[in-house]
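The lines below spell out each chain.
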Amino acid sequence: MTKTAAVEQSAPSKPPKLTAGEITPQVAHDWENACETYFLHKEVKAADQVKMVAFGMLDPRLHTWYLTQRTVLNAGTFAAYMKAFRDAWLESHWANKLRKKVLGSHQGTRPFYEWALDVQNQNALLYGNPAYLSEKQLRDQLEAHICDELTIPVFRAKLADDLSLKDWIEEVKHLDDERLEDLASHRKIAEELHKSSKRTTTSFNKTSTTKTYNPSSARLGSLTEAERTLLAKHKGCFKCRKFYVSHQSKDCTEGAPDASSYKMLTETDALAAKPKTKAVAAVRPVGAVMPSSVLEDGSDSEDDMCVAPFETAHLLWPCLLTGPSSKSFERIEALIDHGSHLVLIDENVVERLGLRRCKLHSDIEANSAFIDNCSSPFSFSEYVLLSPSSVTHDWTSRMIRAIIAPNLAVPLLLGGPFLSHNSLVIDHDSRTCIVKDCDYDLLNPPKHEPPTTVVLVDRIDNTNTVTETLNVVALLRKWIDTLAFIEANKEHLERLDKEMRRKYDDRFPDDIPHINQLPTDIVHRITLKDPNKVIQC
């Protein structure tokens with residue numbers, strides 16, 4: 001990298017020196033100032049000024065350049081010498097390039113005053129050159145390139161046009177200082193909330209340690225995470241805590257085990273409870289199985305046969321939906337049907353939630369399961385985008401397209417596209433619908449156990465008083481700290497809220513037409529990631 005020249009001057013009354021290196025507009029400006037300072041202190045005559053400083057140019061190139069035209073340069077003025085110096089050693093069109101740099105400078109993330117000083121210093125290098133910007137031109141440049149966050153405050157301040165550049169910069173500096181203070185306050189609030197959240201998480205983790213069971217206690221403790229994993233893996237019941245049973249905790253009639261004789265479950269217990277596999281004899285293929293109504297008299301009855309039931313319960317999934325017209329989530333019972341090749345939603349649900357209707361490229365026709373010569377196929381022409389979630393928000397579906405079906409028997413029918421898009425596997429025997437990626441069961445979601453109990457022992461007069469309190473202390477402390485912090489900064493937050501509303505008051509009309517009345521002649525299209533997401537103030 002080429003070394004840049006530098007100006008050295010031990011004292012104002014001593015002639016300056018220009019070291020060897022590349023000459024830049026800043027170096028030329030410094031050399032001119034140092035020379036004029038020397039002339040002023042030594043009272044050098046105008047006719048002698050050039051020859052008094054010319055030999056201070058230590059670069060051999062500059063020294064040779066001076067010697068070749070020594071007579072002409074010495075006879076002229078110092079201003080003529082500096083013009084010849086710049087023309088000879090600065091790059092071509094340096095003034096226009098520097099002016100372009102000044103005009104193209106933006107504030108960005110820098111403080112306004114720091115940026116304004118930098119622009120002024122660069123423009124000062126052009127002084128005496130036609131490319132130099134006047135105060136009015138420089139103000140216009142600064143005003144046009146301040147950051148977006150400062151544009152509105154400066155516009156609303158309505159600064160007078162007859163202000164000097166210095167006064168105008170000082171007024172804008174005050175506005176920018178307020179902006180930077182607000183930014184620092186926001187950062188401090190975020191850091192405090194983050195630290196509070198970390199303290200709460202740490203406190204919760206400390207209290208959520210693995211529990212042990214006290215056989216002498218009359219109350220049975222909660223299952224540990226290891227026991228839950230074992231029971232889920234070996235088809236166990238969370239209530240009676242037995243492995244390989246045919247019921248679930250909600251259907252369990254055996255009740256919880258005795259706390260005095262209970263021992264923590266282990267992998268050995270699970271393997272011991274696993275039923276032994278019985279050998280099954282091979283049979284010949286059966287051509288057909290006929291219902292009992294066509295069996296001949298004297299043949300075997302259904303009681304002697306293993307046949308399927310006439311019907312099974314529907315796979316209903318309670319889920320949550322929301323939309324632009326809904327202030328909160330609405331719970332509905334969705335029917336999971338892997339025999340359907342479509343996802344259907346009732347038109348009443350679409351209207352109630354205010355979901356945006358989209359046109360299909362071509363109508364979709366579907367027939368009823370009961371074919372009648374007089375019946376005609378159903379035709380669907382619209383669909384909506386939605387993403388149902390579990391009632392506890394433990395799991396949320398990927399975005400799916402639901403075809404709008406008038407007078408649908410259920411609010412939402414989730415067919416093959418929903419199952420395949422979310423990698424769901426249905427087991428009709430176990431009545432489960434599990435997400436392969438995370439083993440989450442839609443039909444049997446994990447129950448949220450109450451918070452861990454903490455035993456507090458208060459020793460008074462050598463007697464033990466035992467009290468149990470739910471582990472909500474950490475959660476309450478978090479919210480209390482948050483509310484206290486908000487209350488302490490209420491005026492500041494309200495001021496920021498009003499400022500934000502005023503900032504964008506010209507961006508939105510008082511009212512907009514209904515979504516179904518929007519124009520169809522689209523000029524630009526903006527595709528949203530989640531068109532049903534609602535941001536409420």
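Right above here is the structure, for reference.
In this numbering scheme, every chain counts its residues from 1 along its sequence in written order. In keeping with the predicted nature of the model, local features appear solely for residues at pLDDT of at least 70, side-chain atom pairs appear and are counted solely at 80 or more, and the whole-chain, interface and lining totals rest on all residues. Neither water nor hydrogens contribute to the side-chain values; these are computed over all heavy atoms in the structure.

(A) Here's a closer look at the overall build of the protein chain. Put simply, DSSP H or I for four residues or longer makes a helix, DSSP E for two residues or longer makes a strand, and each gets a number counted from the N terminus. Counting secondary structure elements, the protein chain contains 16 helices and 15 strands. Contacts: residue pairs with any heavy atoms within 4.5 Å of one another. Counted over contacts in the protein chain with a minimum sequence separation of 6, partners at least 24 positions apart contribute 55%. Residue-level accessible areas treat just the shown protein chains as cover; the underlying method is Shrake-Rupley with a 1.4 Å probe. Accessible surface, the protein chain as shown: approximately 37,700 Å² in total, 54% of it carbon and sulfur.

(B) Looking closely at helix 11 (residues 225–233). Taken together, the buried positions of helix 11 are Glu227, Arg228, Leu230 and Leu231. Considered in projection along helix 11, the buried side chains sweep an arc of 160° and stay on one side of the axis. Counted as exposed and oriented over 90 degrees from the buried face of helix 11: Glu225, Ala226, Thr229, Ala232 and Lys233. Lys235 sits one or two positions beyond helix 11 and adopts a positive phi of about 55°. To sort residues, take the accessible area from a 1.4 Å probe on protein chains only and compare it with the maximum for the residue type: under 20% means buried, over 50% means exposed, and anything in between is partly exposed. Directions are taken from the helix axis to each C-beta atom, and the arc is the one they span.

(C) Representation of the sheet that holds strand 9 (residues 400–405). The strand order across the open sheet formed by 8 strands is 6-7-9-5-10-4-3-8, and the pairing between neighbours is mixed. At either end of the open sheet lies a strand with only one pairing partner, and these are strand 6 (358–366) and strand 8 (389–390). Pairing between strands is defined by DSSP: at least two bridges between the two strands are required. Relative to strand 8, strand 3 (residues 316–321) runs antiparallel, the two sharing 2 bridges. Paired with Cys319 across the strands is Ser390, a residue of strand 8.

(D) How the structure looks around a positive patch on the surface. Within this analysis, patches are made of residues with over 30% relative accessible area and no salt bridge. Like charges are joined at 9 Å or less; nonpolar side chains (Val, Leu, Ile, Met, Phe, Trp, Tyr) at 5 Å or less. Whenever a carboxyl oxygen of Asp or Glu lies within 4 Å of a side-chain nitrogen of Lys or Arg, that contact is scored as a salt bridge. Counted charges follow a simple rule, with Lys and Arg positive, Asp and Glu negative, and His plus the chain ends left uncounted. A single reference atom marks each charge: NZ on Lys, CZ on Arg, CG on Asp, CD on Glu. A cluster of basic residues, Lys239, Lys250, Arg431 and Lys447, forms a positive patch on the protein surface. Mapped onto the elements, Lys250 comes out in the loop between helix 11 and helix 12 (267–273). By relative accessible area, Lys250 is classed as exposed at 59%.

(E) Representation of the pattern of salt bridges in the model. Across all of its chains, the model carries 21 salt bridges by this definition. In this structure, the salt-bridge partner of Arg331 is Glu333, at a minimum N-O distance of 4.0 Å. Given the relative accessible area of 53%, Arg331 is considered exposed. Of the residues examined, Glu333 reaches a relative accessible area of 36% and is grouped as partly exposed. With a closest N to O distance of 2.6 Å, Glu351 and Arg357 form a salt bridge. Overall, the relative accessible area of 18% leaves Arg357 in the buried class. What you see here is one network of salt bridges that share partners, running through Glu347, Glu351, Arg357, Lys359 and Glu382.

(F) Looking closely at the side chain of Ser389. Along the chain, the position of Ser389 falls in strand 8. Judged by its relative accessible area of 3%, Ser389 is buried. With sequence-adjacent residues up to four places away left out, Ser389 is seen in contact with Trp317, Cys319, Leu320, Trp395 and Thr396.

(G) Structural detail: the packing of helix 9 (residues 148–157) against helix 16 (residues 490–503). Where helix 9 contacts helix 16, the two axes come as close as 11 Å, and the packing angle between them is 85°. Taken together, the axes of helix 9 and helix 16 lie roughly perpendicular to each other. Residues Glu149, Ile152 and Arg156 of helix 9 pack against Glu499, Arg502 and Lys503 of helix 16. For this scheme, ten residues count as nonpolar: Ala, Val, Leu, Ile, Met, Phe, Trp, Tyr, Cys and Pro. Four count as charged, namely Asp, Glu, Lys and Arg, and the remainder, Gly too, count as polar. In terms of residue class, the contact of helix 9 with helix 16 is made up of 1 nonpolar, no polar and 5 charged. Where helices are involved, their axes are fitted lines through C-alpha atoms of the stretch in contact, as for all axes, and angles between N-to-C directions lie from 0 to 180°. In this scheme, roughly parallel covers angles under 35 degrees and roughly antiparallel covers those over 145, while 65 to 115 is roughly perpendicular and the rest are oblique.

(H) Expanded view of the packing of aromatic side chains. Pairing of aromatic rings covers Phe, Tyr and Trp, the last counted by its six-membered ring, and requires centre-to-centre distances within 6.5 Å; plane angles under 30 degrees mean stacked, over 60 mean edge-to-face, and any other angle means tilted. All chains considered together, the criterion is met by 15 aromatic pairs. With centroids separated by 6.0 Å and ring planes inclined at 65°, the aromatic side chains of Phe112 and Trp115 adopt a geometry described as edge-to-face. Of this pair, Phe112 and Trp115 both sit in helix 7 (residues 112–124), 3 residues apart, which is roughly one turn of the helix. Within the aromatic cluster, the residues linked to one another by ring pairs are Tyr38, Phe39, Trp65, Phe78, Tyr81, Phe85 and Trp89. Criterion for a charge above a ring: Lys NZ or Arg CZ within 6 Å of the ring centre, and within 35 degrees of the ring normal. Sitting over the face of the ring of Phe238, Arg228 holds its NZ or CZ atom 5.1 Å from the ring centroid. Lying across the ring of Tyr262, Arg241 places its NZ or CZ 5.0 Å from the centre.

(I) Local environment of unusual backbone geometry. Phi angles above zero are rare outside glycine, and His93 is one such case at about 55°. You will see that Asp439, though not glycine, has its phi angle at about 60°, which is positive. The topology assignment puts Asp439 in the loop between strand 12 (432–435) and strand 13 (440–441). By relative accessible area, Asp439 is classed as exposed at 62%.

(J) Spotlight on the state of the cysteines. Note on terminology: pairs of cysteine sulfur atoms within 2.5 Å are recorded as disulfides. Tallied over the entire structure, the rule returns 0 disulfides. Free of any disulfide, Cys240 has its nearest neighbouring cysteine sulfur in Cys237, separated by 3.7 Å. You can call Cys240 buried: its relative accessible area is 4%. Here Cys252 stays free of any disulfide, with the sulfur of Cys240 as its closest cysteine sulfur at 3.9 Å. You can call Cys252 buried: its relative accessible area is 8%.

(K) Geometry of the environment of Ala366. Tracing the chain through its elements places Ala366 in strand 6. A relative accessible area of 17% places Ala366 in the buried class. Along the primary structure Ala366 and Pro377 are separated by 11 residues, whereas in three dimensions their C-alpha atoms are 5.5 Å apart. Dropping the residues within four chain positions of it, Ala366 is found in contact with Pro377, Phe378 and Phe380.

(L) Spatial organisation of the sheet that holds strand 13. If you trace the 3 strands from one edge of the open sheet to the other, you get 11-12-13, paired in antiparallel fashion. With one partner strand each, in any of the chains shown, strand 11 (424–427) and strand 13 form the two edges of the open sheet.

(M) Geometry of the side chain of Asp176. As for its placement among the helices and strands, Asp176 is situated in helix 10 (residues 165–207). Looking at Asp176, its side chain comes within polar contact range of the main-chain nitrogen of Phe112, at 2.8 Å. When residues no more than four places from it in sequence are discounted, the contact partners of Asp176 are Gln107, Pro111, Phe112 and Leu150. Nitrogen and oxygen atoms within 3.5 Å of one another constitute a polar contact, given that in protein one can donate a hydrogen and the other can accept it, and given that sequence-neighbouring residues count only through two side-chain atoms.

(N) Quick look at the pairing of strand 4 (residues 330–336). For strand 4, a buried count of 5 out of 7 residues is recorded, marking the element as mostly surrounded by other parts of the structure. Inspection of the sheet shows strand 3 paired to strand 4 by 6 bridges, in the antiparallel sense. What sits directly across from Trp317, in strand 4, is Ala334.

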